[in-house]
Protein chains: 2
Amino acid sequence: MAQPQVMDKLVSLCKRRGFVFQSSEIYGGLGSVWDYGPLGAELKKNVKDLWWHAMVRARDDIEGLDAAILMHPRVWEASGHVAGFTDPLVDCKTCKARFRADQLEDAKCPQKPSRHPGEHSTCVLTEPRMFNLMFKTFRGPVEESASVVYLRPETAQGIYVNYLNVLQSSRQKLPFGIAQIGKAFRNEITPGNFIFRTREFEQMEMQFFVKPGDEGEWFERWRGLRMAWHRELGLKPEKLRWHEHTGSELAHYARAAYDIEYEFPFGWSEIEGIHNRGDFDLTRHQEHSGKKLEYFDQAANTRYLPYIVETSAGADRVALTLLVDAFREEQVDGELRTVLGFNPRVAPIKAAVFPLVNKDSMPETATELFNDLRKRFVCFYDDGGAIGRRYRRQDEVGTPFCITVDGQTAEDRSITVRHRDSMAQDRVGMENVAAYLAERL
Amino acid sequence: MAQPQVMDKLVSLCKRRGFVFQSSEIYGGLGSVWDYGPLGAELKKNVKDLWWHAMVRARDDIEGLDAAILMHPRVWEASGHVAGFTDPLVDCKTCKARFRADQLEDAKCPQKPSRHPGEHSTCVLTEPRMFNLMFKTFRGPVEESASVVYLRPETAQGIYVNYLNVLQSSRQKLPFGIAQIGKAFRNEITPGNFIFRTREFEQMEMQFFVKPGDEGEWFERWRGLRMAWHRELGLKPEKLRWHEHTGSELAHYARAAYDIEYEFPFGWSEIEGIHNRGDFDLTRHQEHSGKKLEYFDQAANTRYLPYIVETSAGADRVALTLLVDAFREEQVDGELRTVLGFNPRVAPIKAAVFPLVNKDSMPETATELFNDLRKRFVCFYDDGGAIGRRYRRQDEVGTPFCITVDGQTAEDRSITVRHRDSMAQDRVGMENVAAYLAERL
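Residues numbered from 1 in each chain as written. Chains lettered and ligands numbered in written order. Predicted model: local features only at pLDDT ≥ 70, side-chain atom pairs only at ≥ 80, totals over all residues. Heavy atoms only, no water.

**Observations concerning the overall build of chain A**
Note the following rule: A helix here means a DSSP run of H or I that spans at least four residues, while a strand means a run of E at least two residues long, and both kinds are numbered starting from the N terminus. For every residue, the accessible area obtained with a 1.4 Å probe (protein chains only) is divided by the maximum for its type, and the residue is called buried under 20%, exposed over 50%, and partly exposed between those limits. Using a 1.4 Å probe, accessible areas were evaluated by the Shrake-Rupley method; residue-level cover was limited to the displayed protein chains. Charged residues are defined narrowly, with Lys and Arg counted positive, Asp and Glu counted negative, and His plus the chain ends left uncounted. By convention, the charge on Lys lies at NZ, on Arg at CZ, on Asp at CG and on Glu at CD.
Secondary structure summary: chain A contains 13 helices and 23 strands in total. Structurally, chain A occupies a C-alpha span of about 75 × 70 × 50 Å along its principal axes. Taken over 441 residues, chain A has a buried fraction of 58%. Surface summary for chain A: the accessible area is close to 17700 Å², and the carbon and sulfur share equals 47%. Put simply, chain A has 59 plus and 64 minus side-chain charges, and the middle of one group is 3 Å from the middle of the other.

The following block contains the structure:
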């Protein structure tokens, strides 16, 4: 299948089956903003819950946090975002369009789309101007500079400014981390690729505070742990790779940085970054706030600013990766079968329950089983149409197990469990279905 | 205990133990914006997960949704928020302060705090002006009216504009609902009472679409279900009551409205609203978008706009209610004991594991048990200080069970489970602890 076609088919499937809708679609849509439908909301919740479990609940040395989107504007002065979180833009005086000055080769001239901006005879491009990517708003009733606040462009700063509060309330000692999941906003000039680059997105970030000198070891350890996490989601190993930031790629605050990249239909792209940020962040906040942020190391009887190793993943990007990685079309008995081959742990629906036909007490038995199973698992009941079509509908949304109540059920209270990928069927006693599913989820 | 004192003690406990911190505290704080610390993040996540389970996963007739905060600006014209979501404000020309014109009696003159604004000799108040409560920002590089977008002041509109997409992708029939959890923003002039009224907050809203004529029955049914949900969280029944909106209290779009109120230390206040909105919302969006939003009723072979019954709760308000309801101080053996008597299902930490003393293999056994239990439950390990002090530290954050490995454990592999409220202890075999906890959570 041609790669651009994959994205078109996936976007269409996502709308048709309720994974992702364009925001405000009945009003013509809001560019590069997307809403998660019933199945997408479950998929993304599963991603976030798995991350929270792995990063917070299953570890002694990481504390959770849920900081607000709105923060004191001086946070963004300290972080460098007010001065430096900018893209260079040029205007065309003729057509009034704006472009990233560093990406003119990827842009099209609105007057003559076969040319790049600046290449058509009527183009009059201005000198590049720096444009800040933070969304700005105003607190209180007056729109004036004194009341400006920003929508956070990253969740990390919420962790740095709460570092002391978390340290003092949690009885942690170095090394330890703080993790949070939350929305961030960037006024991107060139968003795109469905839910890959959007102006509103959700981050899953963890900042790990270590004794200076230990950051190299922890950087390597976190690289290993985070790559393992993505692999355990079931992503194809050959589609994952490391990209090391070198030279001018490396942000001014980073001593080392690696991206975990996935090979999307639109090319290799970042889904998570692991960064050795040194003491840049706490130094800046200590300077700007005037508040001592040093850690007192009891064992060594010294004080120092911790170094930070950051792991920063996008929840929307992980959701997109799972969709792309899971999507396949195959021929089965001369017919096209579309499958989302999700790892059962991320699948929005864990099991579908069908009565084979709507008679002979099958609907009653199937409903009884469904009501029992959905106390523990997200389940779906379907009694409409031929059984083969019901299987296909579940394949297309990635449901790993389809459970059918048939003629034999009334005789021996057994049902069939049909597996999405192999399409093989097991016969299982009704009383054992919950345990059967629990074992495989 | 005097009621204002309760809030002061609770705010202090919340900071000290890591439930809630002031946003950007090291920069002097951002007024009425709060961050959830390690325990608060778990408490709020438990609230949201219980709501999502009850409203989405455990029901056939409700679909989940996760719409973006940014929406097309015409959504807020259709909803009436651009024109009508306003508070009347007056300025004082002398001191430049602003006040809600309808709440002057609750405000203090900054020049003379013993008087209300307008009552001091130098006060010069302007006529009231209407001030829109929506936060405004700009998409794209230019700050101009064409690029204005709003931070949503409620999540409900995200549901209305996605109603058709959800209906078509989910195979639902009327009556059915759409539920979502998400942030909303209101530029309140007078926020306050800790996390009760804040400028950034999280809603848990469900819109139930019904055939016209059925709304009365569903309104009553949802009133019953939602009150039952709050009671099942363990709130004291005498602290919950209904408040019916009558006369001018009733919003222009509402045919009937009841609030579930809780008796906070600052008085009876709304934690959830149940509203019969009729066909107001879909009518407006149909008019403004030009898109047919009618439902085709196959059984009756007719088309109509569904009526809507809304349940709208605040996740932060529910979290505050749980904290207030759980907070108590009591005398135990002549000492003051502070307890958060949470229902175990919402408690941030489910069980703490202690070695009685740090020798005789007790730490090893306790660590082994802790590592086993935390695969399923959020647990905390503590080996610091006298056992009595460790119990008190857990009482103060609402941990329902404390598990102690003691001298007898090495003999018969049994441990003690100490109950937070009764302080009674059970002796339980180590192999049975997980089942013992599961039964009680």
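Having seen the model, we can carry on.
**A word on the packing of aromatic side chains**
Formally: Here a Phe, Tyr or Trp ring, Trp counted by its six-membered ring, pairs with any other such ring whose centre lies within 6.5 Å, and the pair is stacked when the planes are under 30 degrees apart, edge-to-face when over 60, and tilted otherwise.
The full count for this structure, using the stated rule, is 34 aromatic pairs over all chains. Ring centres of Phe196 of chain A and Phe264 of chain A lie 5.3 Å apart, and the angle between their planes is 70°; on these two criteria the pair is classed as edge-to-face. Highlighted residues: Phe196 of chain A in the loop between β9 (176-185) and β10 (200-210) and Phe264 of chain A in strand β12 (residues 256-264), separated in sequence by 68 residues. Across the pair, exposure class does not vary: Phe196 of chain A and Phe264 of chain A are buried alike. On the basis of an interplanar angle of 50° and a centroid distance of 5.9 Å, the ring pair of Phe354 of chain B and Tyr391 of chain B is categorised as tilted.

**Some details on the relation of the copies chain A and chain B**
Note the threshold: We superpose the copies by least squares over the C-alpha atoms of residues that have a pLDDT of at least 70 in both of them. Contact definition: two residues touch when any of their heavy atoms are within 4.5 Å.
Least-squares fitting of chain A to chain B yields an RMSD of 0.1 Å, with the transformation described by 0.0 Å of translation along the axis and a rotation of 180°. Considering both components of the superposition, the chain copies are consistent with a two-fold axis. Using C-alpha coordinates, one finds that chain A approaches the rotation axis most closely at Thr137 of chain A, a distance of 2.6 Å. Of the residues that chain A buries at the interface, 100% are likewise interface residues in chain B, meaning the two copies contact each other through the same surface.

**Some thoughts on the environment of His245 of chain A**
All names here are of chain A. Heads up, the condition is: For this analysis, a polar contact is any N or O atom pair within 3.5 Å, provided that within protein one partner can donate a hydrogen and the other can accept it, and provided that sequence-adjacent residues contribute only side-chain to side-chain pairs.
You can see His245 is positioned in the loop between β11 (240-244) and β12. In this structure, the C-alpha to C-alpha distance between His245 and Tyr307, residues 62 residues apart in sequence, is 19 Å. Those residues in contact with His245 that sit more than four places away from it in its chain are Leu250, Ala257 and Asp259. Looking at His245, its side chain comes within polar contact range of the side chain of Asp259, at 2.8 Å.

**Digging into the pairing of strand β4 (residues 86-91) of chain B**
All names here are of chain B. Rule in force here: Two strands qualify as a pair provided DSSP detects at least 2 bridges between them.
The element β4 is extensively covered by neighbouring structure, given that five of its six residues are classed as buried. Pairing of β4 with strand β6 (residues 129-132), which is carried by four bridges, proceeds in the antiparallel orientation. For Pro88, the partnering residue across the bridge sits in β6 and is Met130. For β4 and strand β5 (residues 98-100), the ladder comprises three bridges, and the chain directions are antiparallel. Each bridged residue has a counterpart across the sheet, and for Val90 the counterpart in β5 is Phe99. In textbook terms, the turn of a hairpin is the stretch between consecutive antiparallel strands, and for β4 and β5 this stretch comprises six residues, one of which, Lys96, has a positive phi near 70°.

**A few points about the packing of helix α2 (residues 38-57) of chain A against helix α7 (residues 215-232) of chain A**
Residue and element names in this part refer to chain A. Quick reminder of the rule: Each axis is a line fitted through C-alpha atoms, and for a helix only the stretch in contact is used; angles between axes span 0 to 180 degrees, taken between their N-to-C directions. The hand of a helix crossing depends on one turn: near helix anticlockwise from the far one by less than a right angle means left-handed, and clockwise means right-handed. Residues are grouped as follows: Ala, Val, Leu, Ile, Met, Phe, Trp, Tyr, Cys and Pro are nonpolar; Asp, Glu, Lys and Arg are charged; all remaining types, including Gly, are polar.
Viewed as axis vectors pointing N to C, α2 and α7 meet at an angle of 145°, and their least axial separation amounts to 12 Å. Considering the relative orientation of α2 and α7, their crossing is right-handed. On the side of α2, the interface is formed by Val47, Leu50, Trp51, Ala54 and Met55, while α7 contributes Trp222, Arg226 and Trp229. Residue composition of the contact of α2 with α7, grouped by class: seven nonpolar, no polar and one charged.

**Examining the side chain of Arg100 of chain A**
Residue and element names in this part refer to chain A. With respect to the helices and strands, Arg100 occurs in strand β5 (residues 98-100). Only 2.9 Å separates the side chain of Arg100 from the side chain of Asp87, close enough to count as a polar contact. Setting aside residues no more than four positions away along its own chain, Arg100 makes contact with Asp87, Pro88, Leu89, Ile189 and Thr190.

**Focus on the sheet that holds strand β19 (residues 351-355) of chain A**
Sheets are built from strands that pair by backbone hydrogen bonding, the pairs being arranged parallel or antiparallel. Residue and element names in this part refer to chain A. Pairing is mixed across the open sheet formed by five strands, whose spatial order is β20-β19-β21-β22-β23. Each edge of the open sheet carries a strand with a single partner, namely β20 (379-381) and β23 (425-429). The mean inter-strand angle of the sheet, taken between neighbouring strand axes irrespective of direction, is 25°. Packed on one face of the sheet, helix α10 (residues 362-373) meets β19, β20, β21 (401-405) and β22 (414-419) and runs near 160° to β19.

**Here we look at the interface of chain A and chain B**
To keep things clear, this is the line we draw: Reported buried area values correspond to the accessible surface (1.4 Å probe) lost by two parts on association, with both partners' losses combined. The term salt bridge refers to a pairing of a side-chain nitrogen on Lys or Arg with a carboxyl oxygen on Asp or Glu at a separation within 4 Å.
Facing 84 residues of chain A, the contacting portion of chain B comprises 84 residues. Across the interface of chain A and chain B, roughly 7200 Å² is buried in total on both sides, 55% from carbon and sulfur atoms. Among the residues chain A hides against chain B, the three largest losses belong to Ile26, Tyr27 and Arg57 of chain A. Together they make up 12% of the total. The tally of links between chain A and chain B comes to eight salt bridges. Its salt-bridge partner being Arg374 of chain A, residue Asp60 of chain B comes within 2.3 Å of it at the nearest N-O pair. At the junction of chain A with chain B, the criterion picks out 33 residue pairs in polar contact (both at pLDDT 80 or more). The dominant element in the side of chain A that touches chain B, judged by the number of residues it contributes, is α2 of chain A, at eleven residues. Counted by class, the side of chain A that touches chain B contains 35 nonpolar, 20 polar and 29 charged residues.

**Considering helix α9 (residues 315-326) of chain A**
Residues and elements named next belong to chain A. Let me state the cut-off plainly: By this rule the span expected of a helix is its residue count minus one, scaled by 1.5 Å.
With twelve residues, α9 extends 16 Å between its outermost C-alpha atoms, agreeing within 8% with the 16 Å of an ideal straight helix rising 1.5 Å per residue. Among the twelve residues of α9, twelve are classified as buried, and the element is accordingly described as predominantly covered. Every buried residue of α9 is accounted for by Ala315, Asp316, Arg317, Val318, Ala319, Leu320, Thr321, Leu322, Leu323, Val324, Asp325 and Ala326.

**Points about the sheet that holds β9 of chain A**
Residue and element names in this part refer to chain A. The strand order across the open sheet built from seven strands is β3-β9-β10-β16-β13-β12-β11, with neighbouring strands paired in mixed fashion. Because the sheet does not close on itself, it has two edges, and the strands there are β3 (62-65) and β11. Ignoring which end each strand starts from, the neighbouring axes of this sheet average 25° apart. Relative to β9, β3 is paired through four bridges, and the arrangement is parallel.

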